[in-house]
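What follows is each chain in one-letter form.
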Amino acid sequence: MHDLFKKTLVLLFGIFLILGVSGCGQLGFNEDKDIDDSLEETDDIQKAYRSVEGVYTGSMIVLDDGKPSELPVKLTLFTEITFGGRTQGELTPQTTLVGFFEVLNINTEMNYYRYTGRFYYRKDGRIQLAVRTGSASGSNQNPGSTGIWLEAKVKGNQIVDGRLHNDGLYGTFQVGRQTRDVQVPAKGRIEEERKRFEEVYRQAAGTYVGTISPPESGSPVGPQRVQFHFYLVRGLMRGVVTLAGSAQSPRILRVIQYRTDSGFIEIEGIPELSGTGGPQRGFGYFYAKGYLTSGELLLTEVEDHRGLLGTFEGTKQD
């Protein structure tokens, strides 16, 4: 009887081993060839993306009043892996190439944009990244385009033929890899940069009063006495323009860029934030560019919803 019991245990243990081996796919091991192929493809994508990771520096050429100007830039590329879904019960990794593109001598919101996209390694070594926005509900599940994107080709440690678009071609760039070690721009580092910019641009903040003079070709309005008020919000410049001596119907401005080397400034209106008392449709639209240096604001081009208004010369008020 004892021997029979021992033989029974051995037989049951053998059956258990057979079932365990034959059923390992159901215990969490993947035997589905389609899933394996999908994961292998994901591995290939990760290898391709990681081959271009790094911090790149170089220059970008933009046009100022039709003349080329060279700006120092930095491009940071890194791979982000998330597990956003399941395939037949298995977590599926989602791989994304992420970038930060910074213009090093300009205070611009573009320095804080997050670019995402793809690197087409097997085709022509092209990267293509875009700034995305969330859906109307604030979710990132249905991202939309902002019109801001970049593309370039990777040639070893060089990224060439770069083109940055911002509702049209903004500039062309070429950068070289300085290091493969990437520290993702953390909140603390971004805050430090904002504080640094704030110290640099604090002297430019203030109120500038002067006159918009119509161009010789004519203007929809005559000379206007106006005031620009620039202020800082967490290291970024904002502005308001109103008729001098009046605070009614202010037009809220975004400083697109302000350069530390030349004082070049470019401004645009934010219609959705501007005052509602405008006399015509389209009130709130505004665009101007020129120079802000040594307490003087000289704008070579000023326009709003009515058309080209002319030029502006103003001085900073104490």
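Here the structure is a predicted model, which means the values were calculated and not measured.

(A) Local environment of the overall build of the protein chain. Along the protein chain, the regular secondary structure elements total 3 helices and 16 strands. Buried positions account for 40% of the 318 residues belonging to the protein chain. Long-range contacts, defined as pairs at least 24 residues apart, comprise 47% of the intrachain contacts of the protein chain with a sequence gap of at least 6. Only carbon and sulfur atoms are counted for the fraction: they give 51% of the accessible area of the protein chain, which is about 18300 Å².

(B) How the structure looks around unusual backbone geometry. Despite not being glycine, D161 has its phi angle at roughly 55°, a positive value. With respect to the element layout, D161 can be found in strand β7 (residues 158–166). Look at D161 and you get exposed, because its relative accessible area is 53%. For S294, which is not glycine, the phi torsion reads 50° and is therefore positive. Position of S294 relative to the elements: it lies in the loop between β14 (286–293) and β15 (296–304). Owing to a relative accessible area of 79%, S294 belongs among the exposed residues under this scheme.

(C) Highlighting a nonpolar patch on the surface. On the surface, I81, F83 and L91 cluster together to form a nonpolar patch covering roughly 280 Å² of accessible area. Relative to the assigned elements, F83 resides in strand β2 (residues 67–87).

(D) Up close: the pairing of strand β16 (residues 307–316). Here 6 bridges tie strand β9 (residues 206–213) to β16, and the two strands are oriented antiparallel to one another. Across the sheet, T211 pairs through a bridge with E313, a residue of β16. Pairing of β15 with β16, which is carried by 7 bridges, proceeds in the antiparallel orientation. Among the inter-strand pairings, D304 is bridged to a residue of β16, identified as G307. Between β15 and β16, which pair antiparallel one after the other, the connecting turn spans 2 residues.

(E) Up close: the pairing of β7. Where β7 and strand β8 (residues 169–179) come together, 6 bridges link them in antiparallel fashion. By the bridge assignment, H165 is partnered in β8 with L169. Once β7 ends, the chain turns through 2 residues before running back antiparallel as β8, passing D167 with a positive phi of about 55°.

(F) Focus on the sheet that holds strand β12 (residues 251–258). Strand order in this closed barrel of 8 strands is β9-β10-β11-β12-β13-β14-β15-β16, and the pairing throughout is antiparallel. Each adjacent strand pair in this sheet contributes to an overall mean axis angle of 30°, direction not counted.

(G) Main features of the packing of aromatic side chains. The full count for this structure, using the stated rule, is 7 aromatic pairs. Judged by centre distance (6.2 Å) and plane angle (15°), the rings of F228 and F230 are stacked. Taking the centre distance of 5.6 Å and the plane angle of 75° together, the rings of F264 and Y291 count as edge-to-face. Placement of the pair is F264 in strand β13 (residues 264–269) and Y291 in strand β14, with a sequence separation of 27 residues. Assessed through its relative accessible area of 3%, F264 is described here as buried. Here Y291 falls in the partly exposed class, since its relative accessible area comes to 33%. By way of ring pairs, the aromatic residues Y208, F228, F230, F286 and F312 are connected into one cluster.

(H) Quick look at the nonpolar core. By size, the foremost hydrophobic cluster in this structure holds 29 residues, and its most contacted members are M60, F101, Y115, I127 and I159. In this structure Y115 touches L97, V98, G99, F101, M110, L129, A130, V131, I148, W149, L150 and L164, once residues within four positions along its chain are discounted. The next biggest cluster of nonpolar side chains, apart from the first, holds 26 residues, and it includes Y112, F197, F228 and F230.

(I) Local environment of the confidence of the model for the protein chain. Residues with a pLDDT of 70 or more make up 75% of the protein chain, whose mean pLDDT is 78. Counted against residues more than four places away or in other chains, residues 15–37, with its pLDDT under 50, gives 13 contacts. Counting contacts from residues 134–143, a segment whose pLDDT is below 50, to residues more than four positions away or on other chains yields 8 contacts.

Cut-offs and rules
Residues numbered from 1 in each chain as written. Predicted model: local features only at pLDDT ≥ 70, side-chain atom pairs only at ≥ 80, totals over all residues. Heavy atoms only, no water. Helix = DSSP H or I, 4+ residues; strand = E, 2+ residues; numbered from the N terminus. Buried < 20%, exposed > 50% of the residue type's maximum accessible area, 1.4 Å probe, protein only. Contact = heavy atoms within 4.5 Å. Areas by Shrake-Rupley, 256 points an atom, 1.4 Å probe, with all protein chains shown as cover. Patch = residues over 30% accessible without salt bridge, like charges linked within 9 Å, V, L, I, M, F, W, Y side chains within 5 Å. Salt bridge = Lys/Arg side-chain N within 4 Å of Asp/Glu carboxyl O. Pairing = 2+ DSSP bridges. Axes fitted to C-alpha atoms, helices over the stretch in contact; angles between N-to-C directions. Phe/Tyr/Trp six-rings, centres within 6.5 Å; stacked < 30°, edge-to-face > 60°. Core = buried A, V, L, I, M, F, W, Y, C linked by side-chain atoms within 4.5 Å. pLDDT = per-residue confidence, 0-100.

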